[in-house]
Every structure is written in C-alpha cells, then in structure tokens.
Amino acid sequence: MQKLNNNFYHKDFISVEQFSHKRELDKIFTLADQMKEKIEKRRIIKDLKTFCLVELFYQPSTRTYTSFLAAGLHLGAKVIPIHGMQAYSSAVKGESLPDTVRTVEQTTAADLLILRHPADDASEIAAKYASIPIINAGSGTKEHPTQAVLDLYTLIQHFSNLQGLNITFVGDMKYGRTVKSLAKLLTYYAKNLTMNFVAPKVLKLPNLESQWLKNKQVKIHQTENLEECLSSTDVLYVTRVQKEWFEQKGKLRLYQQLKNSFIINQRILQKSKKKMIIMHPLPRVGEIAEEIDNDPRAVYFSQMRNGLYTRMALLRLILLDR
Amino acid sequence: MQKLNNNFYHKDFISVEQFSHKRELDKIFTLADQMKEKIEKRRIIKDLKTFCLVELFYQPSTRTYTSFLAAGLHLGAKVIPIHGMQAYSSAVKGESLPDTVRTVEQTTAADLLILRHPADDASEIAAKYASIPIINAGSGTKEHPTQAVLDLYTLIQHFSNLQGLNITFVGDMKYGRTVKSLAKLLTYYAKNLTMNFVAPKVLKLPNLESQWLKNKQVKIHQTENLEECLSSTDVLYVTRVQKEWFEQKGKLRLYQQLKNSFIINQRILQKSKKKMIIMHPLPRVGEIAEEIDNDPRAVYFSQMRNGLYTRMALLRLILLDR
Amino acid sequence: MQKLNNNFYHKDFISVEQFSHKRELDKIFTLADQMKEKIEKRRIIKDLKTFCLVELFYQPSTRTYTSFLAAGLHLGAKVIPIHGMQAYSSAVKGESLPDTVRTVEQTTAADLLILRHPADDASEIAAKYASIPIINAGSGTKEHPTQAVLDLYTLIQHFSNLQGLNITFVGDMKYGRTVKSLAKLLTYYAKNLTMNFVAPKVLKLPNLESQWLKNKQVKIHQTENLEECLSSTDVLYVTRVQKEWFEQKGKLRLYQQLKNSFIINQRILQKSKKKMIIMHPLPRVGEIAEEIDNDPRAVYFSQMRNGLYTRMALLRLILLDR
C-alpha cells in the first residue's frame, strides 16, 4: 500500500495505514474547515468543475453514498452514480471487478472512482487495474478509511488537544470496521491514549488489532462492562451489536443477557463526564435511546456533516493537491 | 399543521389544508406561468444555483420523481436523488424514518427534502425531525398536495373562471388521494361548485370528506352511474379502479359488472360538452381508451407538464419566497 | 424508418439502416474527434447547456447507461436518469411504453430521450409517440446502433483505410445484436470486405443477414473453426457465447466441446497478424483470457472510450446539427 508522504495528488486512498504523520491528517482537516465555512456561507465552489467522478457501489449505503455525491456536486464536479451493482453484476451479467472498473473509467472519462464493495480487498484490486485514483468507501469488514477520518475530525472539533484522551468503544469490536480504523488513526494523531473496548466476549477486539495498538503505547482495556469505564471516558463511540450474529450461532440467550448493558440511555449516562461526547457511525437500531438525541453530549448527527466536509477536502487533495 | 399565511418561505408543504386563501394559490400559479415561459423559451434559470435538494423516495414513482428532479435541475439546483429506499431501509438496515431524514440532511447539507413514503403521517414526522423544509411528494393514501396544485393549475388554464364549475370524479373515491386533495383545494379557489363522485359503492367517498365538502357549500352528488352526470360536466377527472382491491375481497364478479361503466371511450363521450376537459393523474391501466388520446378534450399529458411548472414555482417560493 | 440524408437534426436514431452514405458516418466521426480532443484537454463544454436529456432504461446496463450519462454531462446538459424500469413498470404499475414515454417527456420538459428496452420494436414505438427525438440504446436482440457506430469509429482509428478489410466475428452470431449492426454499417463505409462469422452451428448468422451482406458484395465465410481464419484477419471481433443457451436446449455437452475453440488466448493468437486488433463489446465472461489484456492488439477497453466520444457527437448532431 502506497504511503501518502504528505502528498495526496493522484494517490489512491484505500487504508488508514497509508498515513504516517499527524500533518497529513491536519492537511485534510484544514481544508475541511474551509469547506465547512464555504458551505455554511452558501458560497458556490467550482474547484472541480473540470472533473468527473464515479461512485460505484456494490452495497446499499445511504449515508456514504449521499455524502460523496453531495461532496462532488458541492465542489462543482460531474458525478456519475452507479448503485445497485450487487444485483446487476452477480445475477445478471457476471462481469469481474477489474473489468467493471476499467469499463466505467473508459465509458465516463472519469478522473476518480469511489468504490464500495463487500470484499475486503476490492479497493486494492480496483486500484491495481484502474489508471485513475480509487477512494475506498467501505470494503468488506476491514476498512472504511473516510469514516475514520470524519470521526477523527469530529474529535478535534470537540477537544482542543487529543493527548491523553480516554475513548470508549462499545458494541461489536470484531466485525465492525469503523472502530478498528479510528483506533489506528488516533495513534498517528495523539499520544498517551487510553482505549476501552466494551463488547461481549464473542465480539471482542481481535488480537491482531489489540497487539498493534499496544505496540503504539496505547493503554488498552477490554471488558464486557460498560459502566466501569464510563466515569473516566471523554469519548463514547457506540456501534451496533448485531442480533443476527447471536441468532446464527444459537446464542440468543446470551444476546438477551448482554443487550441492555450496551444500550445508551440517560440512566447509564448519569455516571459520565459532562463534557463527554457520544459518537456513532450510524445507522443505529436501538443501541442509543432516542431520549439521548437532544442531550448536548450527543454529536452523532453533526458527526455526519463532518463526513461531507472531510470528503470534499479529500477529493480536492487527490485531484488538485490544494 | 402550519398554515401558509401567504408566505411559503422555509415552510414545510405537507397538506392542502395549509392553504387558507385563493391568493396563496395564485402566488404559485403566477410564478408557474413565468417558469412555463422560461422553459418554453429555453432560458437558463439559475435561481437555485446555491441550493441543494434531496429527493428521498420510499415508493416507486416515475412521474413525481422525474418531475421534481427536472424541476430542481431546471432551476439550477444540485439534486441528490435517493430512491429504492423501500428495499434498503426495511430489509437491509432497519433505520427509522426520523434517523434517515436527519442523516440525509447532514450528509448532504441539503436545503430542502422531498419525501415520498407509504405511511400517511410520514411527511409530518419528517418535518418534525428535519431542520430544513419538507415537501410531501405523496404520503400513504392520504395526501399528495403537489398533485392537487398541478391539477388546479390545469383547470385555471382551461376555464377563465372556476365559479360554478361542475366537476365529475370517476373511479376510486375511497383510497385515491388525488381526488380528495383536489376537491378540497377547489373550495379555496371557487364558489358554487358541483362535484359528482362516480364510484362503485365499495369505493365511494368517505363520509369525512363528503361532510367536509358540504360544510363548504359544495353541491355533492354520489352515484355509480357515470352517464347521468356527463352532459352537465365541465371537468371529467378519471382515476384508476383497482382490480386488485376487488380480487382481495372476493368481489371479482362485481368488478366485472362495474368496470365497463368506468371506461372512458368515444361512445360514452358522445353525451358530453364540447368544451369539457378530461384529466387523469396517470398512470392509467385501461380506464381511458387510447382512442381518446387525440381528442382535443384530453388534457392528461399536458396536465403532467404543469406538474413541472408548479413544482418549480413551489421550490422557489419555499427557498426564496419570490 | 426515416433516412438520415446527412441531416441528424431532430431525427430519431433507431437503426443502422437509417444511414445511406459514408459521409453521414464521417460527420459523426469528425465531431467525435473534436470531442475526444476537448475531453483529453479537459475543456469545459457547454454546447448543450440549455438542453435536458432523459435516459429511460428497462434493462440493466452499466456501460451504455454510464456512457450516455457521461456524454450528456460532459456536454453541459441536464440529465434525468431513470433505470430499474423493468421492476417498476411490469410488476408495480403496468403502464404501457407509449404512456411512459409521453409521461417522461412531459414531466421533465426533456429535449431527447435515450431508451433501452428488451422488445425489438420498443424504440420505434417510442419514436411514434414522443414528440422529441429518441435514441435507441439497445432494443431486444435486434439493434444497438450506437454500439455499431463506436465500433466503426474504433476501426477507422486503427486502419487508415477500411477497403479490403478482413474482419472475423467470433461467438454468438444469432442472438448478438452488435455483430449484425456492425457488419451492416461497415458496408456503407468500405468495399471489398471479407467477413468471417465463426460460431457453433446452432448460433450461426441467420440467412436474412448473410443474404443482405452478400447483396452488398461482401465476401462471407461461415465456419466453426476460428483458427482457419486467423492468419488473414485484420480485426477479430469477439462476442460472448452464452452457456445458458446450451443449457436450456440440453446441449451442454456440445458447449463443452466448443467453448475452448472460442477462447482467445496467447496460444491461439500466435497465428494472427501483428497489426490485427481485438475488439469486444463487453462484458466478457471468459472468452478473452486476461493474459491478452496487455497485448498491444487488445483494444477493447479503449473501444469503450470511443462510445463516449461518438455518443457526445451524436447528441450534438441531433440537438444542434453541428
């Protein structure tokens, strides 16, 4: 995987592991700040008016799909959206991913391709065959790097300094890609981090990831008990525990026991800091009670707006490097 | 439901019951006339060039969907279309409508959201949670207010004065939302109205609506016999009688008896006025014979063009109030 | 079918049989060259900025769909894409094609409609009912005229002169529409042509087409043996042999025997000319080995880019005639 080396121009953006330095992220965030200001002031932006983007989505996605589409249009680019590929490609025609990627590049004369695909290595394969940059908009269970970037951008908007931050991840640490990506990315950005991973044992963080983080001097704490971490937590990052998983394994009773410990409501939050923030990559299906939505600590809706700004920044950096 | 009070700026548009005065409708129609002229003269319109619209469709729809998309693009707006949500949301991820609406608002930085949804109260729920205006593009069996507006605009293009108008609605008066919406809207616009509702007994106009209209001094006539109304009719508004409904209820024989009385063809039209107009919200599935398409009284295709002009007007009024 | 008579303005483009003269094709190709140059130099083109196009697709299609969408956007037009109509129209609402075409024309105020449909005569029907020009983007098994135009454009980019060209078509000559369309179109463009049609007997070129070509003085050679034609071939045009067809007919054993003779790989190409080019309309599913992709004779990916340029040219000619 090609390192960024503080230069995004014409590079693929596949993985958070392409980052090496805090300044690479700051470059995105500085530009995202400018994008935010322009959008809020209703400025017309024409930076990408000579560019054409393709969104190629093999998985349903409301938020990432609309976020990239809006990012392209707000920058003045032409955007060719292609979704529903899961139905087309497998059932109807059976074209390989390398062929589809090259096809779409040729038929559209696009300058950049945004890919979402259920296979872990889809973006890397696409990058190998395409002659234009690929942005990974979610590949399998492994990576969702633009989600990690928007999550980190949300953090720095709420904390003047991330050194010594205590972040508690709750939910599915095993299959969820957002937790792994954000945890890694944080290590490029701050030191003295404490990370609590709260999950049922069967969904705990894989050893590969926990070892990687330990090597980076992160203080790691794994538990099934959310409440024991809450009082020291600065950031509560909630993800969905998939009931389906327990059903498949015949462990529905375990799920019934566990599920309430992972539902964030006012009762549980009584023990938490006043300045804590609550994040969620969304969609949620019950793990954050609606009563929390108007709590000032809840930032999961504004968190999504940050996805627009950081993706606008990223598109500009890859296509124009400024 | 918030009344318009002759001011559309940043209001939701959910129901025809938001209107109180003829002048509110005239405001739309005056602007629609200007839109018509500009489109016909192929003028480039940039009124909404700084705006972004979202179409969020939970039901398949060719005409309302394309009409709003074209309306937005012709006004120079950015448009994010999201359709096929029926498949996404229920089967795949199960996100609630309030969450989806807030999500889409945040990911796109949109200024207005156009919603179509099978639930009667979907637009009101969306309006409650979104911070941007909602346009109801069809909710359940209850309301389709932009259809009523384009229908009324079609009427005033063909009649210099709607006072004393005799309008005959044919088809399904019970489940069809267009008939109810147009009948109500007409009462804000003209007096001395006669309305004939021609339907099989099982699909007759609900008491709620007929009483509402009687309170507004509308002369109401309910019947199963179309031909007895035709000679005095100025406007024949045809809707589809759903065969499926009779099938479900085991009343297919009744349907077989009734169906021919509701098919508009040249034979039936012999008794009608020369200046009568024939409308239909479309799609039709047989209730207007193709032989009528070239009859000068048939206005159902030009009626649809009015959907474009009135929706352009409405978008401009809500976003710019001019 | 209306002949072009060297004038595309406001004409439907339904069939390659609308051409009569080489100069009509040269008109497209000259303009396509200009489009190519502008796209490669990243010029902003606004030729169609006052126009609105509709894509109405009743069949899944990645390449034709994205190609026309990109062509419209690169020319500055507004584009209303409507796909997935196969699901909407048949299952959900049952509207006839003439009604849908007129509906979409009215709701969008579009200037041109691009149609893909599984019925052979769909484009002709659409042209009969619409008042705006129709472009056939694939109708049934019969015609795909814009594919033939881009194929021919690809040929003239590789051969200074098409007189005396030897072209070998491989695969399904019976149901494939691209082969028939390109073979016919070539006869308007060059003389002294040799055409080899290599197919299993059950998929051989229908007599109607072979007789038509013989009447145009084309030297025709039909065979099941690819290798016997290869040494004299200038253009190898590969298409997919549909395994499904053999399965349905209970002839899977025949397929197993035949299939390898139609797979293009380095071994087979040893006998071919160094300057031969290999084309394919794509998608492929195995009939060209991946090892060929980097062979300089393989032009099937750049062939697709020509679809963009020729469709841009065609849109401009029909809407502006220049």
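As shown above, the structure is provided for reference.
Residues numbered from 1 in each chain as written. Chains lettered and ligands numbered in written order. Predicted model: local features only at pLDDT ≥ 70, side-chain atom pairs only at ≥ 80, totals over all residues. Heavy atoms only, no water.

Caption draft 1: Structural detail: unusual backbone geometry. Cis rather than trans, the peptide bond between Leu282(B) and Pro283(B) has omega equal to 0 degrees. With a phi close to 60 degrees, His10(A) is a non-glycine residue in the positive phi region. The topology assignment puts His10(A) in the segment before α1 (22–40). Non-glycine residue Leu282(A) carries a positive phi angle of around 60 degrees. Secondary-structure assignment places Leu282(A) in the loop between β9 (277–279) and α13 (300–320). (Helix = DSSP H or I, 4+ residues; strand = E, 2+ residues; numbered from the N terminus.)

Caption draft 2: Just the layout of surface pockets, in detail. The volume enclosed by the largest pocket comes to roughly 1,400 Å³. Contributing to the lining of the largest pocket are 40 residues, with Gly76(A), Ala77(A), Ala77(B), Gly76(C) and Ala77(C) lying nearest its centre. Contributing elements (two or more residues each) for the lining of the largest pocket: α2 (63–74) and β2 (78–82) of chain A, α2 (63–74) and β2 (78–82) of chain B together with α2 (63–74) and β2 (78–82) of chain C. It is α2(A) that contributes the most residues to the lining of the largest pocket, four residues altogether. Partitioning the lining of the largest pocket into residue classes produces 24 nonpolar, seven polar and nine charged. (1 Å grid on protein atoms, 1.4 Å probe; cavity = no way out; pocket = protein on both sides within 12 Å on 5 of 7 lines; lining within 4 Å. Points joined across faces, edges and corners; volume = space filled by probe spheres on them. Nonpolar A, V, L, I, M, F, W, Y, C, P; charged D, E, K, R; others polar.)

Caption draft 3: Focus on the relation of the copies chain C and chain A. Superposition record for chain C on chain A: RMSD 0.0 Å, screw rotation 120 degrees, translation along axis 0.1 Å. Each copy turns onto its partner about a three-fold axis. When the interface residues of chain C are mapped onto chain A, a mere 4% of them are again interface residues, pointing to distinct binding faces. (Least-squares fit on C-alpha atoms with pLDDT ≥ 70 in both. Contact = heavy atoms within 4.5 Å.)

Caption draft 4: Layout of the interface of chain C and chain A. Of the residues lining the interface, 27 residues belong to chain C; the matching set on chain A comes to 27 residues. Summing both sides of the interface, chain C and chain A together bury roughly 2,500 Å²; the carbon and sulfur share of this comes to 59%. Summed over the shared surface of chain C and chain A, the result is four salt bridges. For the salt bridge of Asp99(A) with Arg284(C), the shortest nitrogen-to-oxygen distance reads 2.6 Å. The tally of links from chain C across to chain A stands at ten residue pairs in polar contact (both at pLDDT 80 or more). Listing elements by their share of the side of chain C that touches chain A, those giving two or more residues are α2 and α13 (300–320) of chain C. When residues in the side of chain C that touches chain A are grouped by element, the largest group, eight residues, is from α2(C). (Buried area = accessible area lost by both parts, 1.4 Å probe. Salt bridge = Lys/Arg side-chain N within 4 Å of Asp/Glu carboxyl O. Polar contact = N/O pair within 3.5 Å; in protein donor to acceptor, adjacent residues only side chain to side chain.)

Caption draft 5: Focus on the packing of helix α4 (residues 97–108) of chain B against helix α5 (residues 122–129) of chain B. Residue and element names in this part refer to chain B. Two numbers describe how α4 lies on α5: the axes approach to 9 Å, and their chain directions differ by 55 degrees. In terms of axis orientation, α4 runs oblique to α5. You can see that α4 and α5 cross each other, and the crossing is right-handed. For the pair α4 and α5, the contacting residues are Leu97, Pro98, Val101 and Arg102 in the first and Ala122, Ile125, Ala126 and Tyr129 in the second. The residue makeup of the contact of α4 with α5, split by class, is seven nonpolar, no polar and one charged. (Axes fitted to C-alpha atoms, helices over the stretch in contact; angles between N-to-C directions. Parallel < 35°, antiparallel > 145°, perpendicular 65-115°, else oblique. Left-handed = near helix turned anticlockwise from the far one by under 90°.)

The analysis is restricted to geometry; functional conclusions fall outside its scope.
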